[in-house]
Structure formats: structure tokens, C-alpha cells
Amino acid sequence: MATHRAETDRTPRTDEPVLRVGGPAPARRGRVRRLLPRGIALLTSVWTLVVLINGHAALPFQRIVTIEAKMASKADYFGDPEVQRLLVRHGIRVRITRMGSREIAAQSYEGYDVVFPSGQPASDQITRKRATEGRPVTAYRPFVSPIVLATYREYAQTLADHAIAEPLTGAPAGAEPLYYRLDMKKFLGVTRAGTRWNDLGLQKHGGTHNDNRVLAQTSHICESNSAGTYLGLVSYVDHTVGPHADRRGGGIPRSAAEADAFARDIKELLNGQGMPASDKNRTYVSPEGRSTSPISVIYEHQFLAHQIRAEARTGRVDDERVLLYPSTRFVTEPQLIALTPEGDRLGRLVTDDPALRRRAMELGFRVGADDNSASNSAGEALTRFLSEHHIQVPALSEDDTKAVLPQLPLFERMVELVGDCAPVPRATGTEAP
């Protein structure tokens, strides 16, 4: 009975009520424990993706420097996603203000780290101006690209029928040639005569009919370096081996009066194309190009890049599109001009970095040591690259004439007269032009 007495005599329990603030803590702790592994897994996945994309584990914590640049057509290189990725790995992002080479040379470039006109005359003016101001610059030539005339096989064959063009050597046995030599004197002769494609028998090659004049079409002369360079090329041919070859001066004007006369001599050879397109290469590679622009003035690298893409996509080159190399040639030598230490670093990178050099070749440029042979063969590095991708290599003659452009003020005068262009505005004061 002792046990019974202890149970009945126990003092009743009087615990204080428990004050609970907020929600049920045990449930919240459980939710956190469940979500935490998922969050860690998500962050790990994102981190892995960043590393895979950029190939650089420290990149998310790396300082990215934005380089301000004024560029002409070679801005396409810096707009390439792979080039951008490679530059970001080096902590560089390039922000581009795009304009024509003539505008770059004529306007102020204060506040910019780099300027990159597409042509030699504009580059020379910028470097000379900075030198006279006591602010010398460093100029880099990361790549070069000749001016070429891009066309379609039936048009090249039609020109070959009349000895205006001839296939270059080097095509593999059984393969159609991708490259032709264009006799500029004969070509400009049929243009001046108003000859039409049907007159040359174009229809014999695939039944194509085209009653338009035989001429090369360019981008806008007032804006495009390639168009302006072709103007200079046409003038040089016309005044050395053409109907105006008796003029003195070695094919280039030496004064404002001569520049005006030279421009009038060739204006009809360039102004019969109608409304020029802003980007002839885009027209050329489009399905409509064959009928709207049978011969387009572009850069060699644009054609080669098209063939490299075609081979990668289909396993074969686009043998319907071919190149005409003018018998008188002018190789554009774009110079990346560094105005600041940051610009200098960019110049060194695109010139020396193996990955960026290789990407330039993949985009069709002649790079590095190829510069010295750019006006003749494709150069050793580009030759190897094209051969590896089963693309014919252009083998140009050492005997072809190299054209010379007039000094920039006279060249601009010719461009303005032929293209009816408004004069390019010039900066005032002490700023660079």
C-alpha cells in the first residue's frame, strides 16, 4: 500500500506556460536543412559552367578592363564571339565606336585607347599628327588582307573566255579553280565600253542571262575603305596602262588640280553600279548576290572566312563562289594604333597571343610573318591552315604590279568628287584630327 499512498500524496504539477515567438522553429530548421544542399549544388553548377565556358577558374574574380576603340571594317574581328571570349580571359573587353576610316582620321579621338582604321593613308595621318603633338603612338599590324573582286563561277568563266581572267595555278587535279587573275586593263576597258554580260556570252555557262554592264560593285565610296581603295586602284591602272597613261606623276596625282582631273577620268568606271550596298560581302554570300551584284569588291579574308565556314559546315568548299585577284594589286595594311597603355596591351595581345593569331587565321586574315608575303602568296601560316582544312591556297604571281595610293588629302579629294561625298568634318583646336 506504500506505493498507492505515494501516488495519491504527490503534489500536483504547476508548470508555467511556454511563450512561443514566430513560427514553429523545428519546421523552419528542417526546411533550411533540406534547401541548403540544393543551393550548394546550384552554385556549384553555375561555377562549373563559368569555368567551362571561359576556361579560366579565377575569371569571375578577375578585373575586366574596358578599352574604348574607334574602328572601321576590322571591327568585325573584335565582334567575333571567340575573339571576345579570348580577350576576356586576359581581362579585356573592347567597346567599339564604329565609323569609316576617313572619319577616324578626321575626327577627334581623345578619350579613346585605340583607333583602328582599315587603310594605310588614314593610319599614317594619325601617327604623324600625334608625333607633331609630342604624343607618339605605337602602331601594330596584327593582320593584313588584300582587296579582291568576288564573283561566281559562270561570271569568271565568261571573263576567261575573253582572256580578261585566267585561272591561277594550284587547284588539285579534278577540282575547279577557286582563284583567278583578273587583267585590270582589259576589265576596265570593257567597263568603259559599256559592254554587257550577255554581250560576252554569259548564257553559255549555265544558261544565265544578265544584260547589266560589266563592272565591279563596291560599298559606298563615301564610307568604305574597300571602296575608296578600289577607286585608288582603278585610278592607278587608268593612269599607268589605261587610256590616260600619258599623264605625268607615276599614276598618282601630285596636286589638287591633278586629283580633280584624275577623279573625272575614272568617275564613269565607278558610278554605273546604282545604289551601293553598305556591306558588299553580305550581299555576295546571300542567295540574291548572284543576280544583284555579280562582281563585288571585298577583302580576301571575307571570302576565305566564308570558305572556312562552308568546309566546317558541309565538309566541302563553296565552289560556286570564286575570287578574282587584280593584276594590279593593293594590299590593305590596317594598323591598330595604341593611344594609351591599355591600348598598347591590346595591340600586343592581338599581335602576339597564339590563340588570337590562330583565330585571325580562322577568320581568313594573313597574320604575323605572313605580312611580308601578303601581296603574293598566302604566307606560310595561312597556307598551312587552309591546307589542313582542304581549301585551295591562292598562289599569286610575283610579277603583278603593286598599286600606290596618293597622299591622303588628294585621295580624299578624289573620293569626294567621284562619290559626290560631303567633306569629312575635321576637329578644331588642339585635339587630334
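These lines cover the structure that appears in this document, whether it is placed above or below. (Residues numbered from 1 in each chain as written. Predicted model: local features only at pLDDT ≥ 70, side-chain atom pairs only at ≥ 80, totals over all residues. Heavy atoms only, no water.)

**What to know about the packing of helix α15 (residues 354-362) against helix α16 (residues 380-388)**
The relative placement of two packed helices is expressed as an angle between their axes plus a distance between the axes.
Next, step 1: Across the interface, α15 lies against α16 with an axial gap of 10 Å and an inter-helix angle of 65 degrees. Between α15 and α16 lies a crossing of right-handed hand. In this structure, α15 contributes Arg358, Met361 and Glu362 to the contact, and α16 contributes Ala381, Leu382, Phe385 and Glu388. (Axes fitted to C-alpha atoms, helices over the stretch in contact; angles between N-to-C directions. Helix = DSSP H or I, 4+ residues; strand = E, 2+ residues; numbered from the N terminus. Left-handed = near helix turned anticlockwise from the far one by under 90°. Contact = heavy atoms within 4.5 Å.)

**Describing the pairing of strand β7 (residues 179-182)**
Next, step 1: Direction of pairing for strand β6 (residues 165-167) relative to β7: antiparallel, over a ladder of three bridges. Bridge pairing links Pro167 to Tyr180 in β7.
Next, step 2: Summarising the sheet, β7 and strand β9 (residues 321-326) pair through four bridges and their orientation is parallel. Bridge assignment links Tyr179 to a residue of β9, and that residue is Leu323. (Pairing = 2+ DSSP bridges.)

**Considerations on the packing of aromatic side chains**
Next, step 1: Scanning the model with the defined rule gives ten aromatic pairs in all.
Next, step 2: Members of the aromatic cluster, connected to one another through ring pairs, are Tyr77, Phe78, Phe116, Phe143 and Phe365.
Next, step 3: In this arrangement the basic side chain of Lys74 is found over the ring face of Tyr299, its NZ or CZ atom lying 3.6 Å from the centre.
Next, step 4: One cation-aromatic arrangement involves Arg321 over Tyr284; the distance from NZ or CZ to the ring centre is 5.7 Å. (Phe/Tyr/Trp six-rings, centres within 6.5 Å; stacked < 30°, edge-to-face > 60°. Lys NZ or Arg CZ within 6 Å of the ring centre and 35° of its normal.)

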